[in-house]
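Residue-level listing of the chains:
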Amino acid sequence: QVQLVESGGGLVQAGGSLRLSCAASGRTFSRHAMGWFRQAPGKERELVGAIAWNGSNTYYPDSVKGRFTMSRDNAKNTVYVQMNSLKPEDTAVYYCAATARFVLAITAPQYDYWGQGTQVTVSS
């Protein structure tokens, strides 16, 4: 079993930045590709970013590309997403997820483990 715990969410003004962290349990963390998703009220869960097992490949949807950056530190069993130039429409619960895949996975059904979520609220 893999357990994921997100942190770093909160309230930020438009144009500001937040860095979310996801701490994972288990010795196999370094072999999991990881992703960040978000879900706002009344909307489907959507991908924020995906990162390969070694951090060498990343993927971002157009909605966040150029503003969000994923990274990982396998020695610390932690994956991050740096979120810059935040907009009110970025407001959502953000979830960390892990897949058994080594390479990128960009849809929710491809992920096997999920964190509890952390709230990000961007005020105008």
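Our structure's up above, just so we're on the same page.
All figures in this text were calculated on a predicted structure; none of them were measured in a lab. (Residues numbered from 1 in each chain as written. Predicted model: local features only at pLDDT ≥ 70, side-chain atom pairs only at ≥ 80, totals over all residues. Heavy atoms only, no water.)

This next bit is on the overall build of the chain. Helices and strands together make up the secondary structure of the chain, namely 0 helices and 11 strands. Mapped in sequence order, the helices and strands of the chain form the string β-β-β-β-β-β-β-β-β-β-β. Against the globule reference of 14 Å for 124 residues, the chain gives a C-alpha radius of gyration of 13 Å, in line with a compact fold. Judged by the C-alpha coordinates and their principal axes, the chain covers about 40 × 25 × 25 Å. Out of the 124 residues belonging to the chain, those deemed buried represent 43%. For the chain, contacts bridging at least 24 residues in sequence account for 59% of all contacts bridging at least 6. As displayed, the chain has an accessible area near 6,400 Å², and 48% of this comes from carbon and sulfur atoms. Of the charged side chains in the chain, 12 are positive and 8 negative; the average position of the first set lies 7 Å away from that of the second. (Helix = DSSP H or I, 4+ residues; strand = E, 2+ residues; numbered from the N terminus. Rg over C-alpha atoms; globule rule 2.2 N^0.38 Å. Buried < 20%, exposed > 50% of the residue type's maximum accessible area, 1.4 Å probe, protein only. Contact = heavy atoms within 4.5 Å. Areas by Shrake-Rupley, 256 points an atom, 1.4 Å probe, with all protein chains shown as cover. Lys, Arg positive; Asp, Glu negative; His and termini not counted. Charge placed at Lys NZ, Arg CZ, Asp CG, Glu CD.)

So, on to the pairing of strand 3 (residues 18–24). Summarising burial for strand 3: 5 of the 7 residues are buried, a large majority. Bridging between strand 1 (residues 4–7) and strand 3 involves 4 bridges; their strand directions are antiparallel. The residue of strand 3 that forms the bridge with Ser 7 is Ser 21. Bridge count between strand 3 and strand 8 (residues 78–83): 6 bridges; the pairing is antiparallel. Within the sheet, the bridge partner assigned to Ser 21 lies in strand 8 and is Tyr 80. (Pairing = 2+ DSSP bridges.)

Pairing within the open sheet is antiparallel, and its 4 strands lie in the order 1-3-8-7. Two strands bound the open sheet, and with one partner strand each, they are strand 1 and strand 7 (68–73). In this sheet, adjacent strand axes meet at a mean angle of 15° when their direction is disregarded. For strand 7 and strand 8, the ladder comprises 6 bridges, and the chain directions are antiparallel. (Axes fitted to C-alpha atoms, helices over the stretch in contact; angles between N-to-C directions.)

Our focus in this paragraph is the state of the cysteines. Taken as a whole and judged by the stated rule, the model has 1 disulfide. Between the sulfur of Cys 22 and that of Cys 96 lies a disulfide, 2.1 Å long from S to S. One disulfide, between Cys 22 and Cys 96, carries an S-S torsion of -80° and so falls in the left-handed class. Note that Cys 22 is positioned in strand 3 and Cys 96 in strand 9 (residues 92–99), a separation of 74 residues in sequence. Judged on exposure class, the residue Cys 22 and its partner Cys 96 are both buried. (Disulfide = S-S within 2.5 Å.)

Right, let's get into the environment of Trp 114. Mapped onto the elements of the fold, Trp 114 is located in strand 10 (residues 113–114). The exposure class assigned to Trp 114 is partly exposed, which follows from its relative accessible area of 29%. Apart from residues no more than four positions distant in its own chain, Trp 114 is found in contact with Leu 4, Phe 37, Arg 45, Tyr 95, Cys 96, Ala 97 and Ala 108.

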